[in-house]
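Topology and contacts: notes
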Amino acid sequence: MNNEILKIDVDTRYKDPFSIRKKLINNSTSVEWYLLGLESHKLQRMGVIDKLVIEDLMRTKIDFHNFQMATALRVLNEMHGLALLADEVGLGKTIETGLILKELLVRDRIRSILICCPASLVTQWKDEMLQKFGERFLSPEDDSFPGYIKTDKLVCSIAKLSHNIKAIASREWDMIVVDEAHLLANPSSKRRQAVAAISKRHMLLLTATPLQNKLTDLYSLIDLLYPGLLGSLNAFLRVYAKDYPKGRVLREDTAPQLRSHLTRVMCRTRREESGIPFVQRHVQTCPIKGYEIEYKLIDEVTGHMAKIYGGEQEGQRRYLLLREVMSLQQSLSSSPRALIVALENRSLKHPNERRELVPLIELAKSIKTPSKSQLLLQILDGIPNDQAIIFTLRRETAYYLETILKEKDKKVALYLGVGSGKSSRQKRDEVIREFRAARIQYIIATDAAAEGLNLQNCNILVNFDLHWNPMKIEQRIGRVHRFGQEREVTVFNLALEDTIDEYVINILFKKLRLFQEAIGGLEVVLGELKSGDEDLEELIMEIVLRSKNKVDIKKQLMELAKDAEKAAEKQILAKQFTKGVLG
C-alpha cells in the first residue's frame, strides 16, 4: 500500500478591500461594530418570505385567518423578528406568535425560545404550542426541567423571570416572547429590567392595550424593542404630547410622524378589520334593594374613609392614602366578609384607629346573608343548565360564594390565582380542564383569571362586584367574548340599589359604552377624563370622599359622565388616538 501523504496547496489568502484587518489591529474601529455589520448583512441575505413553509401543514391543524398570516409574514420580512403585536382582545395574538416561531424553527433561524407570561398562562402557552404547533416547551415547575441553561424551549412566569434573572440571563436566547407586555411599561420595574437584561436576537411583545394610561406606555414598549428609535423620553413627549410632560393627549400635527415610526415595529388589527364575525354580547345590570343594615355599614365605612383621607394631603402622602381607601372601598363593595378582613388588617396596621374600626367590624359580622349573594342565586336558578364564570375582587368573597353554591349542590370551583408554586398551578389548571369538560358548572374567579385565559365554552359571565377601571372589566368579559365563541354572551352586573357601584354602572359606564362592545378607543377616552395624574377610579373615589350626600355623588358623577360622553363621541367620530397613533 502506498503510504505517501498527498499534499494539496490551499490558498489561505482572503480579500480585504476595506482594510478591516488593519483597522481592527490598530483599534481604530471596534469589533462590536463589525459584528453588528455582519449581522445586518446576514439579515439582508435571508431574503423575502413570500409564503410560510408551514402554511399548508398548519392549515390541517389550526384554523387561522388571513390577517394572522399577513402579520406573521410582516414580522418575518419587515421587522426581522422584533415586533409589538397589539391586536385587539380575542383576535389570536397567540396564533400569530406560534406561526412566527414555527416558521423560524423550521427554517433553522432560531433554536432557543423563552416565553414570559403571567403565571396563570404558563400552562396554556405550553398546551397551545404543543397541541397546535407540535412544539414541546418546559416550565421551571416541570419534573423534567434540567435548568435554564440546558432548556431551549421555556415558558416562564414573569414573576419567576425576575427572581431567576441571573440564571436566565447567563445565556443568549434566539427569541423572547412576552405576553401581556403592558406589564413591562414601567421602566423602573424589576420585570422590565429583567427582560431588558437578557441577551436576545429577536423579541415579540404581545398586548391588546399598549397604551394603558399615557403615551409613555407605548414609548416604553417600543424602546424595549428598539432602544433609541423614538429618541429620549423627554424628546418624545415634547414632540408628541399635547399636554407635555404628562403625555395623556397626542398632538395631531405630529401624529403622522409617530405613525411612520410605529409601522416599523408594531402590528395591530382591530376587530372591524379582521373579517371575523363576533357574536353579540348582552348586558343586564341587576340592582337589588339592600337591607337597612347594609346601607348603614356603607355609610359608616364611607365616613371613616373620608376621615382617613382628609383631603388636605399633597403629593405622595395623598396618593398613598387614596390607594388605601380605594382598597377599603373595593372590599366594602365586594362583601361583608371581605370588608371584615380588610378592617381587621387595618386595625393591626393602624392601632390608633382601632376604637373606630371595632364597631365597624362587628356591624359587618352581623350581616349573615348579603343581598347580592341572594341575587346571585336567583340569577343562576334562572339559567340552571348553563355554565358561568363569576368574578369577584376579593378571595374572602370567593370563599363565601363557593360555600353558598355548594350548599345548593352546585358543582363549583375556585380560580384565585394565588400561589406560584407547582401545586398551586396544577390545581388551577385542573379547574380549567374540568370546566372545559363541563364537569364543573361554575368557576368563581378573582381577576387573576382575567389575564389571557380562553373560556369560550362558557357564555355567561357574572360580575359579582366591579372594578371602577373599565379596562379591568373588559379584561374579564374578554375571557368569554372572544374569537372562537359561537354563542351570544350574557354579562350580569350585580349591585346594591342606590350605592356608588350602581351609580358608576348606570351613569358613567353607560356613557362610556363600556358594555356594548369590546374596547377600541376607550383607553384614549379614559385618558381625556384624567385630572392631572389621577386615574378614573381615583377620580370616582375622590367624588365619594368629598361629597356630602348621595345626591351630591350623583351630580358629580353625571358631570364626569358628560365629559365621558363628549370624549367617547369625539373618538367615535375621529378615532384620533387609536387610528392616528396605533394605526
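Residues numbered from 1 in each chain as written. Predicted model: local features only at pLDDT ≥ 70, side-chain atom pairs only at ≥ 80, totals over all residues. Heavy atoms only, no water.

Some remarks on the side chain of Ser157
- Checked against the element boundaries, Ser157 lands in strand β3 (residues 153–157).
- Ignoring sequence-local partners within four residues, the contact set of Ser157 consists of Cys117, Pro118, Ala119, Val122 and Arg425. (Helix = DSSP H or I, 4+ residues; strand = E, 2+ residues; numbered from the N terminus. Contact = heavy atoms within 4.5 Å.)

Considerations on the sheet that holds strand β1 (residues 82–85)
- Spatially, β3-β2-β4-β5-β1-β6 is the arrangement adopted by the 6 strands of the open sheet, whose pairing is parallel. Strands with a single pairing partner mark the edges of an open sheet, and in this sheet they are β3 and β6 (266–267).
- Looking at chain direction, β1 and strand β5 (residues 199–206) are connected through 4 bridges and run parallel. Residue Leu85 lies in a different strand from β5, and its bridge partner there is Leu206.
- The sheet strands contacting helix α6 (residues 122–133) are β2 (113–117), β3, β4 (172–178) and β5, and the helix crosses β3 at an angle near 155 degrees. (Pairing = 2+ DSSP bridges. Axes fitted to C-alpha atoms, helices over the stretch in contact; angles between N-to-C directions.)

Digging into the packing of helix α18 (residues 371–382) against helix α19 (residues 395–407)
- Contact pair α18 / α19: the axes reach a minimum separation of 11 Å and the direction vectors enclose 50 degrees. One finds that α18 runs oblique with respect to α19. Here α18 and α19 pass one another in a crossing that is right-handed. Listed contacts from α19 to Ser373, Leu376, Leu377 and Leu380 of α18 are Tyr400, Leu401, Ile404 and Leu405.
- For the contact of α18 with α19, the class distribution of residues is 7 nonpolar, 1 polar and no charged. (Parallel < 35°, antiparallel > 145°, perpendicular 65-115°, else oblique. Left-handed = near helix turned anticlockwise from the far one by under 90°. Nonpolar A, V, L, I, M, F, W, Y, C, P; charged D, E, K, R; others polar.)

Notes on the confidence of the model for the chain
- Of the residues in the chain, 81% have a pLDDT of 70 or more, and the chain-wide mean is 83.
- In the model, residues 517–521 has pLDDT below 50 throughout and makes 15 contacts with residues more than four positions away in sequence or in other chains.
- Counting contacts from residues 573–579, a segment whose pLDDT is below 50, to residues more than four positions away or on other chains yields 22 contacts. (pLDDT = per-residue confidence, 0-100.)

So, helix α17 (residues 354–365)
- In this model α17 runs 16 Å from its N-terminal to its C-terminal C-alpha over 12 residues, within 8% of the 16 Å that 1.5 Å per residue would give.
- Taken together, the buried positions of α17 are Leu357, Leu360, Ile361, Leu363 and Ala364. Here the buried residues of α17 occupy an arc of 160 degrees about the axis, which is enough to place them on one side.
- Check the buried side of α17 and you find it contacts α14 (292–309) and α16 (336–349). (Expected span 1.5 Å × (residues − 1). Buried < 20%, exposed > 50% of the residue type's maximum accessible area, 1.4 Å probe, protein only. Arc of directions from axis to C-beta.)

Concerning the pattern of salt bridges
- All chains considered together, the criterion is met by 24 salt bridges.
- One salt bridge in this structure joins Lys550 and Asp498, with 3.4 Å as the shortest N-O distance. With Lys550 in helix α25 (residues 550–574) and Asp498 in the loop between β12 (489–496) and α22 (500–512), this pair connects stretches of sequence that are 52 residues apart.
- Three or more residues joined by partner-sharing salt bridges are found here, namely Lys102, Glu135 and Lys153. (Salt bridge = Lys/Arg side-chain N within 4 Å of Asp/Glu carboxyl O.)

What about the pairing of β5?
- Here β4 pairs with β5 via 6 bridges, running parallel. Within the sheet, the bridge partner assigned to Glu172 lies in β5 and is Ser199.
- Note on the crossover from β4 through helix α9 (residues 190–197) to β5: the handedness is right-handed. (Right-handed = clockwise from strand over helix to strand, strands pointing away.)

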